[in-house]
Amino acid sequence: MRAEVLVIWVALTLCCAPVAAREDVEEEDKLSGDRVQVRETRGLVEPRRRTEEGGVGMSDEPAEVVPDESKKPKKKKTPEEIEAARAKKAAEKEAKAKKQKAPKPTKKPKGPKPTKKPKAPKPTKKPKAPKAPKATKKPKATTTVQPTTTNRPALDEEEERLLIELGWDTLIPPVTPKGPGGEEPVEPGLGEVPGGRPITTTTEVIMYIPEEVTTLYGDYDYPDLAAKKQEEEEERARIAKAEKAERERKKWEEEEEERLKQISVPVEPKKCPPLGLESHRVEDDQLLASSQSHHGFTAQRGRLNMQGSKDEEDLYGGAWCAEPEEKNHWFEVDARREVEFTGVITQGRNSEQLEDFVSSYFVAFSNDSRDWTTLQDGYAEWLFYGNVDKDTPVLGQFSPPVVARYIRILPQSWNGSLCLRAEILACQLPSSYRSENEVNPSDDLDFKHHNYKDMRQMMKVINEECPNITRIYNIGKSSQGLKMYAMEISDNPGEHETGEPEFRYTAGLHGNEALGRELLLLLMQFLCKEYNDGNPRVQRLVDGVRIHLVPSLNPDAYELAFEMGSEMGNWALGHWTEEGYDIFQNFPDLNSILWGAEDRGWVPRVVPNHHIPLPENFLNGSLATETKAIISWMERNPFVLGANLQGGEKLVAYPFDMQRPVISLTDSRRWRSNADMNEETWARIQRQRDGSLRETPDDAMFRWLAMSYAHSHLTMTETYRGSCHGDDITGGQGITNRASWDPVVGSMNDFSYLHTNCFELSIFLGCDKFPHESELPLEWENNREALLSFIEQVNRGIKGVVRDVEGNPLPNATISVEGIRHDVKTAPSGDYWRLLNPGEYRVTAKVDGYTPQTRLCMVGYDSGATSCSFTLAKSNWDRIKQIMAINGKRPIRLVTKVNAPKPTAASSPATATVDSHASAQNAERLRRLRIMRLRRLRQQRLRAGLSTTPATTTTTTTTTTAAPTTIPETERTTSWYDSWFPVDSWNTENPFDSVIFNSAPTQDYPFEYTID
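Since the structure is predicted, the reported quantities are computational estimates derived from the model, not experimental observations.

Colleague: Which residues make up the pairing of strand S16 (residues 759–766), and what values do they have?
Modeller: By the criterion of burial, S16 is predominantly enclosed, with eight of the eight residues buried. Examined bridge by bridge, strand S13 (residues 639–646) and S16 share six bridges and lie parallel to one another. Within S16, the position partnered with Leu645 by the bridge is Ile763. Here five bridges tie strand S14 (residues 649–654) to S16, and the two strands are oriented antiparallel to one another. In the strand pairing of S16, Glu649 is matched with Gly766.

Colleague: If you had to explain the nonpolar core to someone new, which residues and values would you point to?
Modeller: With 92 residues, the main nonpolar core has Tyr505 and Tyr709 as its most contacted residues. Counting residues per element, this core draws most heavily on helix H10 (residues 514–533), at 11 residues. Filtering out sequence-adjacent residues up to four positions away, Tyr505 remains in contact with Leu520, Leu523, His548, Leu549, Val550, Ala643, Leu645, Tyr709, Ala786, Leu787, Phe790 and Ile791. In this structure, Val282, Phe331, Phe365 and Val402 belong to the second largest nonpolar core, which totals 31 residues.

Colleague: So what about the side chain of Ser712? Which residues, and what values?
Modeller: Relative to the elements of secondary structure, Ser712 occurs in the loop between helix H17 (699–710) and strand S15 (735–737). Ignoring anything within four residues of it in the chain, the contact list for Ser712 reads Met707, Asn782, Glu785, Ala786 and Ser789.

Colleague: So what about the sheet that holds S16? Which residues, and what values?
Modeller: Backbone hydrogen bonds are what pair the strands of a sheet, in a parallel or an antiparallel way. Reading across the sheet, the eight strands line up as S9-S10-S12-S11-S13-S16-S14-S15 and stay open at both edges, with mixed pairing between neighbours. Of all the strands in the sheet, the pair left with one neighbour each is strand S9 (470–477) and S15. Here the average twist between neighbouring strands, direction ignored, is 25°. One ladder, built from three bridges, connects strand S10 (residues 483–489) with strand S12 (residues 546–550); its direction is antiparallel. Bridge pairing links Met487 to Leu549 in S12.

Colleague: If you had to explain the packing of aromatic side chains to someone new, which residues and values would you point to?
Modeller: Considering all chains together, one arrives at 24 aromatic pairs under this definition. Aromatic side chains Trp320 and Phe331 sit 5.6 Å apart centroid to centroid with 40° between the ring planes, which places their arrangement in the tilted category. On the criterion of sequence distance, the pair formed by Trp320 in strand S2 (residues 320–321) and Phe331 in strand S3 (residues 331–347) is long-range, its members being 11 residues apart. With respect to class, Trp320 is no different from Phe331; both count as buried. Aromatic side chains Trp633 and Phe639 sit 4.9 Å apart centroid to centroid with 65° between the ring planes, which places their arrangement in the edge-to-face category. Across the pair, Phe639 and Trp633 agree in class, each one buried. Each residue in the set Phe341, Tyr361, Phe365, Trp382, Phe384 and Phe398 is aromatic and connected to the rest through ring pairs, giving one cluster. In this structure, Arg408 packs its charged tip against the face of Trp330, placed 3.7 Å from the ring centre.

Colleague: An account of the pairing of S14 is requested, with residue identities and associated values reported.
Modeller: Two faces, one strand: in a regular strand the side chains alternate between the faces of the sheet. The buried count for S14 comes to five of six residues, which makes it a mostly enclosed element. Where S14 meets S15, three bridges bridge the pair, whose relative direction is parallel. Across the sheet, the residue bridging to Val652 is Ile735, located in S15.

Colleague: Lay out the confidence of the model for the protein chain with the relevant residues and their values.
Modeller: Here the protein chain shows a mean pLDDT of 76. Residues at 70 or above account for 66%. Ignoring residues within four places in sequence, the model shows residues 170–220, a span with pLDDT below 50, making 142 contacts including any to other chains. In the predicted structure, residues 947–1012 sits below a pLDDT of 50 and forms 93 contacts with residues beyond four places in sequence or in another chain.

Colleague: Give a detailed account of the pattern of salt bridges, specifying residues and quantitative values.
Modeller: Here the idea is simple: oppositely charged side chains can pair when their charged atoms come close. This structure, assessed with the given rule, holds 33 salt bridges. Residue Glu235 is joined to Arg238 by a salt bridge in which the shortest nitrogen-to-oxygen separation is 2.4 Å. In this pair, Glu235 and Arg238 are both assigned in helix H8 (residues 222–267), three residues apart and thus about one turn of the helix distant. Using a relative accessible area of 25% as the deciding quantity, one classes Glu235 as partly exposed. Note on Arg238: relative accessible area 48%, which makes it partly exposed.

Colleague: Could you give an account of the environment of Asp727, with specific residues and numbers?
Modeller: Within the secondary structure, Asp727 is located in the loop between H17 and S15. Its relative accessible area of 47% is what places Asp727 among the partly exposed residues. C-alpha of Asp727 to C-alpha of Tyr316: the two residues are 411 residues apart in sequence and 9.2 Å apart in space. In this view, Asp727 contacts Leu315, Tyr316 and Gly722; residues no more than four positions away in its chain are not counted.

Cut-offs applied
Residues numbered from 1 in each chain as written. Predicted model: local features only at pLDDT ≥ 70, side-chain atom pairs only at ≥ 80, totals over all residues. Heavy atoms only, no water. Buried < 20%, exposed > 50% of the residue type's maximum accessible area, 1.4 Å probe, protein only. Helix = DSSP H or I, 4+ residues; strand = E, 2+ residues; numbered from the N terminus. Pairing = 2+ DSSP bridges. Core = buried A, V, L, I, M, F, W, Y, C linked by side-chain atoms within 4.5 Å. Contact = heavy atoms within 4.5 Å. Axes fitted to C-alpha atoms, helices over the stretch in contact; angles between N-to-C directions. Phe/Tyr/Trp six-rings, centres within 6.5 Å; stacked < 30°, edge-to-face > 60°. Lys NZ or Arg CZ within 6 Å of the ring centre and 35° of its normal. pLDDT = per-residue confidence, 0-100. Salt bridge = Lys/Arg side-chain N within 4 Å of Asp/Glu carboxyl O.

Shown next, in the form of structure tokens:
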């Protein structure tokens, strides 16, 4: 059968060859592009014939169709025509690839790909098909073009339907591999020429190909082309697979990135301020626990950084401790409204001997305190890991935050006893009700924590805004080299004005007490802003007071505490300097010197009651670098009033800060036997038997100063719930004596009072040493009025200038107030300030070489200090000293007859003038010993009931037998006037200040006086 078909094809080819040649010549111009397609068809038909000869059958294309095709060309296209269209398309593609010199078969999109289909404008390029290279160089005509006029619409519709079904209705159709049946799709537009006439490809074309296939069209041998097509399809499939994998990878990356963004919420959880357990904003009735081990370990003791009593068995413990017999333990906090809980901070028990802390716990929430939901981590109940020691706070954060009213901590494991201190982190939900944390400050200030660089920058900005009233300077450097900056605020910064008092605020003595530091920075901003805005109160303060503000006296320790954060630093982190000193307690102990001198009766004659000098070599001892800088700063400026801002409690403490040792019974009897002791002194000594002497001579004034701050503070006197760590020790007043509360040795307050004119107090601003940044506006509102009111107290009392008769100021003049055994000195400009409560006072001004002067000064209740100035005249005390020096600093011998001076007497002035400083000190010591011997002798005679005789008579009778060997010992003793003036007299320092000397010479006295 196949042989017959071949014979028929040969015959038809021989008959139709002239016709095809003629038609080819006539339509050569029109079919230049179609020749490429015909050549491609000829290259594909022979492989098709070979396939048929090889036995590859097609179920829908029987062999009988071929004769019918030649006789009836109007029927449907035969498979051969479809193959010819397929070959034509392949040839066109190859020609296009050769023309571009970059064959990229892999770029050919697959048939089903819809993205290439919308390119509708490309069919206009169909007439350009003849541009295919080497297609028109064929000399022989191999096709027969027959115009078909009958059934053309039907044929066009059939071809169009076939093209649409195969997806080849566009000019650039995809190459589709053979199906299982061996068919290939029909090339669109194969049956028509550009002129609109259909093209009929007959079998005669095939008979001229055998030799030419191997010569010109050998590259398009069907088996090779099929293999190539298969490779291209595989390559396209591989590329499509790779592109799909790339798309999937990008999609997965995007999804993973989105998932990581969602997962990043727990990594950077929402930051919320503390609810207020440490700062006591959370009331005691908001805390509840399952049980308690002892009375002093209730739930109210479970606040962060709660400090226990020194006695472990005392009333107050350092944490909440549960009853060990209980099985279910919990610690509950009621927020009183729904809040957004974000974390829990836990801490162990404050104890010097025990290590009690919770190591793991669950957290549960509720809105009604009955139904509780334990926090889950996605798989099971979320177990939080707690502390590893008793002091370091540990933070456990929730992700996402939980909205509830109640929260419970459920301890699961612990070390030692079950004891816990905690703080809850929570954000207030938006509500129409005002919350305690939601404070709208009335001042536009910078409410945030400032590290060292930020603090320096802030002070610089303030100085630039108010250059006419501010000045930045440093009082020294810390042990690590950081400068301790200070800001002066005055109408004439950098210069002390006569009559203008000087005031100081200091903060940051302990690095972890940050609230005072921020309050002073806020005060700088406030004073600058209000002064520029014309606030009369602020302008009056700035113009009338020279204000010094030092926000950080321990900058090294603050940097350490700032790095840990407001809630994560424990009670002691940053408390000391880098060298290990507590600056507040690192000052020289002048209290012991004063009290020892008072017990011996050396005050004020031997040891003054003010400006007590520093012990020898004390500055070379165990003093911190910061302490030395502060002492030098105190001595350079004549401060009148000051306060240091601290934390950990909420009260004002005034001196003395040190307890005075109890006086012995023997000393008490000795003092009482002295008739010169007044009742006030005896009463003070009697109080020592019941406790230590804690009061200063200016105790009433100190109490007033402390009240001026505490009662101006908005919450300091609200002591109904006790102090931060125990019962209220202030009696509801917010003030206390430091020695009766927490005595310390060598405090800054005591040193300032005994070594300078400055009255200094300690202001404890709150229970939380390092409050959260969100609490700063509230703290500023609480302290603003108190800070200003305390500065105004510097003008309370009296003030004045001490001058001589010529109007020159007298520096270092002593100002004494009758009834107050604490004096002050004038500044280098001669002015002074003495803080006093309202009343009448007898004030005395005295200075060496001048006659003292006493005045009655009135202090009223009106604001402003009372002016009380002095003008002193020179006295003859200097002349008396010169005469005593001429006689070798011995008592003057007064006789009725004039004796010729001895040669040794003439040489004595020269000897006295060359005495060294050490000799003078030795003479002073011997004089004091002589005074004590005379007192002891007088007391013995009083006890023996002997009659009292005039001191002059006694000394006269005893001096007649004085041996010359005692002269070296008595040369430098001048105690002949001690019997005239009681040692306990506090009225004057110079025994001759109260005596008016006449101009008559001393030789006129008709008696002789010598010393035994």
